[in-house]
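# Overview (structure and organization)
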Amino acid sequence: MSAARRAAAALPPMGWNSWDCFGSSVTEDEVIRNAEFLAERLAPFGWDTVVVDIQWYESDPGHHDYREVSRPALDEWGRPLPAASRFPSAARGSFRPLADRIHALGLRFGVHMMRGVPRVAAEQELPVLDAPGATCASIADRTNVCPWNPDNFGIDMGAPGAQEYYDSLAAQFAAWGVDFIKLDDVLYPPVQTAEVAAFSRAIDRTGRPMVLSLSPGKQLSTAHLDTLRAHAQLWRISDDLWDEWPQVREQFQRAARWAPLQQSGAWADADMLPFGRIGIRGHVGRDRLSRLMVEEQRTVMTLWCLLRSPLMFGGHLPDTPDETLALLTRREVLALREGREAGEIVRDGDLVIWRSQVGDREYRALFWLGDEPKTLRAHVDDLGVDAALTGACEDAWSGETPAVDDGWVEVEVAAHGVRLLIFG
């Protein structure tokens, strides 16, 4: 991977993604409305990326599930094109006008992409650009297909023209002004290492430092760490996360495993933030405000920031409640994205404690995963906080100043909640 690509994700990216609220049927108008909201309200806090998720190439993708037969818009080389019926500015077969509009807002533009070659392109035996004699049929691996989406065949990376197909796809994205690519169906077991490497090479060959984010991360093993770091800036460590507390609770063990491995330009990703209004045309559940209570959302934000996970908001931003928006703009919490030595130091039943350091300030998060509120009492020695720092203790979320009495700090914590304390 080029140094410029690594630098493009020096910090974990923050932004908005269309999946949780609009599934596979987001329209250009909906993207623009969310981008404008992001630019006006959240960009001053570091939120700067807008991602159009799956099936932007389908004119009629369905609203709550995938069509059994994919009918993508394609060019003569078998590459997906934006569906003009949903993205009017792409009438000439390019996302460039939409990307330019996003860039004019001071934001970065991203797209989702399934790995492989479109089934329709293989069935029509469309040629591969810059690979004489190769066709989308000759590079297709019909035995290696996504188990949940019908769009593509896998690609046989040993076939002539296979790398050239990915090269042509990345070149098209670069010409459109894409900054961020979410590559899907590459981290379900087994990890599609050959296709990931090929896509990464293709990005490098464009000369545009696009961020590559890998999904969806089911049962992802740390044994793949070297490969992941070599080819991508982001990789998911779980399947899709939705607005259910048991799913959030399960992320704690994944975050604890991956936090010590985080490094600049190579980030484990705990998935999107299923906050605000979601499921408008989503694939899980119906139109709703997130079923996660505000305290649970605060817990998610705290854990994600401690982990230094990318932060991608999943709800329709213009309809987001104020109490949720407030969670996205707390600078004292977002500062954890630049933390160091972050990790879990206590796990005892429903009690989980994390540490991190930002500059000369020590952060300690006291999570209570139990179903009833709890009074938590902890000693600074067990928190690993130097006694010299205990004279100043602040709650990063509320700004309150809990007392430290003879080394003990005592706080009330809501069910499924957190108190994030700063010492020093």
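Residues numbered from 1 in each chain as written. Predicted model: local features only at pLDDT ≥ 70, side-chain atom pairs only at ≥ 80, totals over all residues. Heavy atoms only, no water.

### Structural notes on the environment of Phe-45
Looking at the element boundaries, Phe-45 is found in the loop between α3 (28-42) and β2 (49-52). Through-space distance from the C-alpha of Phe-45 to that of Ala-403 is 30 Å; in sequence the pair is 358 residues apart. When near neighbours in sequence (up to four residues on either side) are disregarded, Phe-45 contacts Met-14, Leu-328, Thr-329, Arg-331 and Leu-334. (Helix = DSSP H or I, 4+ residues; strand = E, 2+ residues; numbered from the N terminus. Contact = heavy atoms within 4.5 Å.)

### What about the nonpolar core?
In this structure, Trp-47, Trp-56, Phe-173, Leu-214, Trp-235, Met-301 and Phe-367 are the most contacted members of the largest nonpolar core, which totals 127 residues. In terms of residues, this core owes the most to one element, helix α7 (residues 162-176), which gives eight residues. Sequence-distant contacts of Phe-367, that is, excluding residues within four places in its chain, are made with Phe-252, Thr-299, Thr-302, Leu-303, Leu-306, Asp-350, Leu-351, Val-352, Trp-354, Leu-376, Gly-417 and Val-418. (Core = buried A, V, L, I, M, F, W, Y, C linked by side-chain atoms within 4.5 Å. Buried < 20%, exposed > 50% of the residue type's maximum accessible area, 1.4 Å probe, protein only.)

### Things to note about the sheet that holds β2
Ordered in space as β10-β9-β8-β7-β3-β2-β1-β13, the eight strands form an open sheet in which the pairing is parallel. Only two strands of the sheet have a single neighbouring strand rather than two, namely β10 (267-269) and β13 (311-313). Strand-to-strand twist across the sheet, computed as the mean angle between neighbouring axes with direction ignored, equals 25°. Bridge count for β2 against strand β3 (residues 108-114) is four bridges, and the pairing is parallel. By the bridge assignment for β3, Val-52 is matched with Val-111. Sheet strands in contact with helix α8 (residues 193-206) are β7 (180-184) and β8 (211-214), and its direction is about 165° off that of β8. (Pairing = 2+ DSSP bridges. Axes fitted to C-alpha atoms, helices over the stretch in contact; angles between N-to-C directions.)

### Quick word on the side chain of Ser-70
For Ser-70, the location among the structural elements is in the loop between β2 and α4 (96-104). Within the structure, Ser-70 has its side chain in polar contact with the side chain of Glu-58 (distance 2.4 Å). Polar side-chain contacts of Ser-70 include one of 3.3 Å to the side chain of Asp-151. For Ser-70, the residues in contact, after removing those within four places along its chain, are Glu-58, Val-120, Pro-150 and Asp-151. (Polar contact = N/O pair within 3.5 Å; in protein donor to acceptor, adjacent residues only side chain to side chain.)

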